[in-house]
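Reading the structure
These are the residues of each chain, in order.
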Amino acid sequence: MNVNDICAIVLKYEEPGWTEQTIACCEAAGITKIVIADRDGVGNMSKAFNRAAIEIYKARLPKFIWFLTNVTFTPDVPLALMAAFDDKTAAVHPCHDSDHAHLKTCGHTPQEVPFIEFTAPMFRTEALEKIGGAEEAMPYWGMDLDWSYRAKQAGYNLKVSLARVQHVYLRHQKAKHPISTFREQLRAYHHKLTEEALVQKYGPKWEQTLWPR
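Computed from a predicted structure; not experimentally measured.

Turning next to the environment of Gly155. Summarising the element assignment, Gly155 is placed in the loop between helix H5 (143-153) and strand S8 (157-164). Among the residues examined, Gly155 registers a relative accessible area of 39% and is labelled partly exposed. A C-alpha to C-alpha distance of 10.0 Å links Gly155 and Ile131, two positions 24 residues apart in sequence.

Structure representation (structure tokens):
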């Protein structure tokens with residue numbers, strides 16, 4: 001395993017320094033294949049991810065695609081994530097300060113999880129092509145649950161690794177850039193639309209289907 005098997009998709013942010021610090025972490029880890037996913041600052045993250053992934057499929061470059069939002073990490077993290085894959089693993093997510101307990105910490109070995117986030121997941125490219133991309137009707141959230149469910153329906157597992165990235169959710173920022181505030185407003189506007197898309201696809205008990213607890 002080596003980082004030449006990874007292509008990073010880095011989500012572009014208009015907030016000063018966010019994109020640059022993530023790219024700097026990639027370069028420090030030796031990742032040279034980097035594609036920028038552009039959502040025009042505040043737009044549909046699922047669509048931006050899909051467009052970037054399609055370009056990677058065409059180039060037939062990497063065994064792994066690592067989608068990165070506004071995160072930072074140490075150079076050892078990419079290899080640690082790659083090491084967590086087995087033949088049936090579709091995606092591995094690093095630990096981070098997540099809203100979801102199963103992504104906050106991990107034991108001494110990678111653990112299977114009910115779903116991954118689209119914060120910093122590493123995908124096996126072959127699995128991603130078979131499962132399909134993120135649900136574009138769910139531009140800010142929901143795509144995590146939907147994609148993870150489809151992965152499991154296809155016979156794959158999902159894991160969290162003890163490798164850790166640093167990430168701050170937009171709503172947890174103390175001082176927000178104006179474009180961050182605008183994006184937060186758009187997310188709030190699309191909240192009901194996303195729930196409607198989940199109901200349409202999985203029924204009124206979508207949460208029990210996608211995230212049984």
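Having seen it, we continue.
A few words now on the side chain of Asn50. Here Asn50 is to be found in helix H2 (residues 45-59). Judged by its relative accessible area of 10%, Asn50 is buried. Not counting residues within four places of it along the chain, the set of residues in contact with Asn50 comprises Gly133, Ala134 and Glu136.

For strand S3 (residues 64-68), a buried count of five out of five residues is recorded, marking the element as mostly surrounded by other parts of the structure. The alternating pattern of S3 places Phe64, Trp66 and Leu68 on one face and Ile65 and Phe67 on the opposite face, and all of these are buried. Inspection of the sheet shows strand S1 (residues 6-11) paired to S3 by five bridges, in the parallel sense. In the sheet register, Ala8 faces S3, and the bridge partner there is Trp66. Bridge analysis of S3 against strand S7 (residues 122-124) gives three bridges, and the strand direction is antiparallel. Residue pairing for S7: Phe64 is matched across the bridge by Arg124.

What follows concerns H2. Counted at 1.5 Å a residue, the expected span for H2 with its 15 residues is 21 Å, and the 22 Å between its end C-alpha atoms agrees. Those residues of H2 not exposed but buried are Met45, Ser46, Ala48, Phe49, Asn50, Ala52, Ala53, Ile56 and Tyr57. At its buried positions, H2 is contacted by S1, strand S2 (34-37), S3, S7, helix H4 (125-131) and H5. The N-capping residue of H2, defined by a side-chain oxygen 3.0 Å from the backbone nitrogen of Ser46, is Asn44. In the stretch just after H2, Arg60 is the one whose phi turns positive, near 55 degrees.

Once that is clear, we can look at the environment of Thr109. The topology assignment puts Thr109 in the loop between strand S5 (89-95) and strand S6 (111-112). A C-alpha to C-alpha distance of 8.0 Å links Thr109 and Ala84, two positions 25 residues apart in sequence.

Cut-offs and rules
Residues numbered from 1 in each chain as written. Predicted model: local features only at pLDDT ≥ 70, side-chain atom pairs only at ≥ 80, totals over all residues. Heavy atoms only, no water. Helix = DSSP H or I, 4+ residues; strand = E, 2+ residues; numbered from the N terminus. Buried < 20%, exposed > 50% of the residue type's maximum accessible area, 1.4 Å probe, protein only. Contact = heavy atoms within 4.5 Å. Pairing = 2+ DSSP bridges. Expected span 1.5 Å × (residues − 1). Polar contact = N/O pair within 3.5 Å; in protein donor to acceptor, adjacent residues only side chain to side chain.

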